[in-house]
Amino acid sequence: MFSARERYSDVKESKGQVEQHSHLKYPHRLNFYDIPPVEDITIEEFETCAIDRLRVLAEIESSFARNRPYDELKTITLAQCQKHLPLHSSSAHTMDLDSERRRDHIGHFVLRLAFCRSEELRRRFVKAESALFRTRYDSDDHTERGEFLNSRDFGWIKVQDDERDLYREELAAAAPITKEANADGGNYYKVKWTRVPDLVEKRRVFLKGGYAYVPSREQFSIVFQEFQMTLNKALEMTAKALPRLDEDTRIVPILNNLSQGFLAGVSSEWSTASAAEGGGITADMVEDLARRHFPACMRNLQETLRRDRHLKHFGRWQYGLFLKVLGLPIEEAIAFWRKSFSNIQEDKFNKEYKYNIRHLYGLEGKRANYPAKSCTQILTADQPGSSDSHGCPYRHFSPDNLQTALLSMYSSQGLTAADLPEIMSTVKAGHYHVACTRVFEITHATRGVKKGEGVGDGESVTHPNQYAARSRELERGKATAVKVEADGDVVMG
Ligand code: SF4
């Protein structure tokens, strides 16, 4: 996957973990990713390992966008890791630890390739990866964490007892000696002060002769800074090496898709739906469902359809696939579009539109089972022109139009003008799906959804079908999960 020269220099420079233990190829749960994977990796693995990791990183990004405190971010991140990127401690003998850690390793390196290509992507990747590393570090077993720290050279010098006694007062003044510190052994480590700028800024270390004396309970600062610095350097090196990959027609499209993943999270894999339960929905139900359960993109399409009795091609495609995955069978879909296009003559409808609807359901053309579009696809592909109605209102409406539309769509579900500044500031920062998630929370507050809970477990909206299905689930008061497969099929969980 990487050139021999890169591999050699990485191995030489690192105190990497791969060759240090005999029974496990990956002896530690924590990883500084010093050495790239040097084995054959299938394209499928290449993609799935990266997508699983990206799901976790995208949720971390959303947590930053929502200003979640660290404890909340940690809980959500660990829950996401449990789902998509489990990494058990070395004492979990029943698990295939090497396989889990290998997936973690591969995913990290694929995302390096995807996110090294601009300064902005690098910055966001380092921030999200560092948060992931920190949550894992904080939740790691104490002994295993110690073993990991001993496996690398962090360049710190342990302060000897006589030196510690000499500066006892100064050390205590900078970082009061607490019970917790004593339990830690009361050790201090010296590093160049430039390596712990956060502790220096907060005056939490004693400085002497260019060194910061870091108490063991603040040791993480050194590790964290080192992780960030190493990753930053590695990304810059990868960016220089990347042009060599540009001709690879298998990998480059995957990398391009992955780097879009931060814009609206990764397409939701989990959703809830009535389709699989009650045999789907009927044409007559759509309008009422739209009012109660649809996200802004689909409500906008439904309202445009009702007003104009027509939708243009991309609007039909976006809405038609959404309704299909929601559970509208083909006969009902034809009935729905026929009724909605009430200005169109029967002949014209049959010739021009019926074929398109059957195409959406894989019954015409190349007979593919097209999936519904995810938020990322709606936000980034087929940009709408001024007379189009597809797309995402949070991204594609002007601020004034968006505010008016949101109040008109959702004021009956509890959204008020007082909610708009928070939503608009998220939109302004480019976190469109986070704004949509906040609207979901506000409009489902009467169903018990609290701020920060998102569509469940703190997850953000990443797919319009996920939004609608979760909304319907809340109304029914059930928690039946179903999976929306990549091909758009809905499967009961
Ligand atoms: S964020 Fe996604 S679900 Fe929400 S309106 Fe935009 S495209 Fe639709």
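Analysis parameters
Residues numbered from 1 in each chain as written. Predicted model: local features only at pLDDT ≥ 70, side-chain atom pairs only at ≥ 80, totals over all residues. Heavy atoms only, no water. Helix = DSSP H or I, 4+ residues; strand = E, 2+ residues; numbered from the N terminus. Buried < 20%, exposed > 50% of the residue type's maximum accessible area, 1.4 Å probe, protein only. Contact = heavy atoms within 4.5 Å. Areas by Shrake-Rupley, 256 points an atom, 1.4 Å probe, with all protein chains shown as cover. Core = buried A, V, L, I, M, F, W, Y, C linked by side-chain atoms within 4.5 Å. Pairing = 2+ DSSP bridges. Salt bridge = Lys/Arg side-chain N within 4 Å of Asp/Glu carboxyl O. Near = heavy atom within 4 Å. Nonpolar A, V, L, I, M, F, W, Y, C, P; charged D, E, K, R; others polar. Expected span 1.5 Å × (residues − 1). Arc of directions from axis to C-beta. UniProt positions renumbered as here; feature names shortened; annotations may be inferred. Phe/Tyr/Trp six-rings, centres within 6.5 Å; stacked < 30°, edge-to-face > 60°.

What to know about the overall build of the chain
Scanning the chain from N- to C-terminus turns up 24 helices and 7 strands. Burial status across the chain gives 52% buried among its 493 residues. Taking the contacts inside the chain whose residues are at least 6 apart along the sequence as the reference set, 71% of them involve residues at least 24 apart. Element-wise, carbon and sulfur atoms account for 49% of the exposed surface of the chain, whose accessible area totals about 23500 Å².

Considerations on the nonpolar core
Within the largest apolar cluster, 60 residues are counted, with the highest numbers of intra-cluster contacts made by Phe-294, Tyr-319, Trp-337 and Tyr-394. Here this core takes 7 residues from helix H16 (residues 313-326), the largest share from any one element. The contact partners of Phe-294, leaving out residues within four places of it in the chain, are Val-286, Leu-289, Arg-299, Tyr-319, Phe-322, Leu-323, Leu-326, Tyr-410, Tyr-467 and Ala-468. One finds Leu-57, Val-110, Phe-133 and Phe-224 within the second-largest nonpolar core, a separate group that totals 43 residues.

Structural notes on the sheet that holds strand E3 (residues 206-208)
Within the open sheet, the 4 strands sit side by side as E1-E2-E4-E3. Their pairing is antiparallel. At either end of the open sheet lies a strand with only one pairing partner, and these are strand E1 (157-158) and E3. Across 3 bridges, the pairing between E3 and strand E4 (residues 211-215) is antiparallel. Counted as the bridge partner of Leu-207 is Ala-212 from E4.

Notes on the pattern of salt bridges
Across all of its chains, the model carries 38 salt bridges by this definition. The salt bridge involving Asp-308 is made with Arg-307; its shortest N-O contact spans 2.8 Å. Look at Asp-308 and you get partly exposed, because its relative accessible area is 38%. Each of Arg-66, Glu-422, Arg-438, Glu-441 and Lys-451 takes part in salt bridges that share partners, so that together they form one network.

Overview of the site of the ligand
Lining the immediate surroundings of the ligand are Pro-295, Cys-297, Cys-375, Ile-378, Cys-392, Tyr-394, His-433, Cys-436, Val-461 and Pro-464. Elements with a minimum of two residues in the shell around the ligand: helix H19 (375-380) and helix H23 (432-443). In terms of residue class, the shell around the ligand is made up of 9 nonpolar, 1 polar and no charged.

Thoughts on the pairing of E4
The side chains of a regular strand alternate between the sheet's two faces. For E4, a buried count of 4 out of 5 residues is recorded, marking the element as mostly surrounded by other parts of the structure. Across 5 bridges, strand E2 (residues 188-192) lies against E4 in antiparallel orientation. Across the sheet, residue Val-191 finds its bridge partner in E4, namely Ala-212. Where E3 hands over to E4, the hairpin turn is made up of 2 residues, of which Gly-209 adopts a positive phi near 60°.

A word on the environment of His-396
For His-396, the location among the structural elements is in helix H20 (residues 393-396). Assessed through its relative accessible area of 24%, His-396 is described here as partly exposed. Counting along the chain gives 99 residues from His-396 to Cys-297, while the straight-line C-alpha distance between them is 9.9 Å. When residues no more than four places from it in sequence are discounted, the contact partners of His-396 are Ile-378, Leu-379, Gln-383, Pro-384 and Gly-391.

Points about helix H3 (residues 70-84)
In this model H3 runs 20 Å from its N-terminal to its C-terminal C-alpha over 15 residues, within 8% of the 21 Å that 1.5 Å per residue would give. Among the residues of H3, those classed as buried are Leu-73, Ile-76, Thr-77, Gln-80, Cys-81 and His-84. Seen along its axis, H3 keeps its buried residues to an arc of 140°; they face one direction. Along H3, exposed side chains directed more than 90 degrees from the buried face belong to Asp-71, Thr-75 and Gln-82. On its buried face, H3 sits against helix H2 (43-65) and helix H5 (119-139).

Notes on helix H24 (residues 464-476)
When the terminal C-alpha atoms of H24 are compared, their 19 Å separation across 13 residues agrees well with the 18 Å that a helix rising 1.5 Å per residue should span. Restricting attention to buried positions, one finds in H24 the residues Pro-464, Asn-465, Gln-466, Tyr-467, Ala-468, Ala-469, Ser-471, Arg-472 and Glu-473. Downstream of H24 by one or two residues, Gly-477 has phi in the positive range, about 70°.

So, unusual backbone geometry
Positive phi, normally seen in glycine, also occurs at Arg-309, with a value near 55°. Judged by relative accessible area, Arg-309 falls into the partly exposed class, the value being 38%.

A short note on the UniProt feature "binding site: [4Fe-4S] cluster" (unreviewed entry) in the chain
The feature "binding site: [4Fe-4S] cluster" (unreviewed entry), as annotated in UniProt, sits at Cys-297, Cys-375, Cys-392 and Cys-436 in this numbering. Considering the C-alpha atoms alone, the annotated residues occupy 140 residues of sequence yet fold into one spot, their largest mutual distance being 10.2 Å. Note that Cys-392 resides in the loop between H19 and H20. Residue Cys-392 is classed as buried on the basis of its relative accessible area of 12%. Relative to the helices and strands, Cys-436 resides in helix H23. Apart from the residues lying within four places of it in its own chain, the contact partners of Cys-436 are Pro-295, Tyr-394, Val-461 and Tyr-467.

Quick word on the packing of aromatic side chains
The tally for this structure, following the rule as stated, stands at 27 aromatic pairs. When the ring of Tyr-137 is compared with that of Phe-220, the centres are 4.6 Å apart and the planes differ by 45°; the resulting orientation is tilted. Of the two residues, Tyr-137 is situated in helix H5 and Phe-220 in helix H11 (residues 219-241); the sequence distance between them amounts to 83 residues. An identical accessibility class is assigned to Tyr-137 and Phe-220; each is buried. Centre to centre, the rings of Tyr-319 and Phe-336 are 6.2 Å apart; their planes meet at 65°, and the pair counts as edge-to-face. Within this pair, whereas Tyr-319 is found in helix H16, its partner Phe-336 is found in helix H17 (residues 330-340), the two being separated by 17 residues in sequence.

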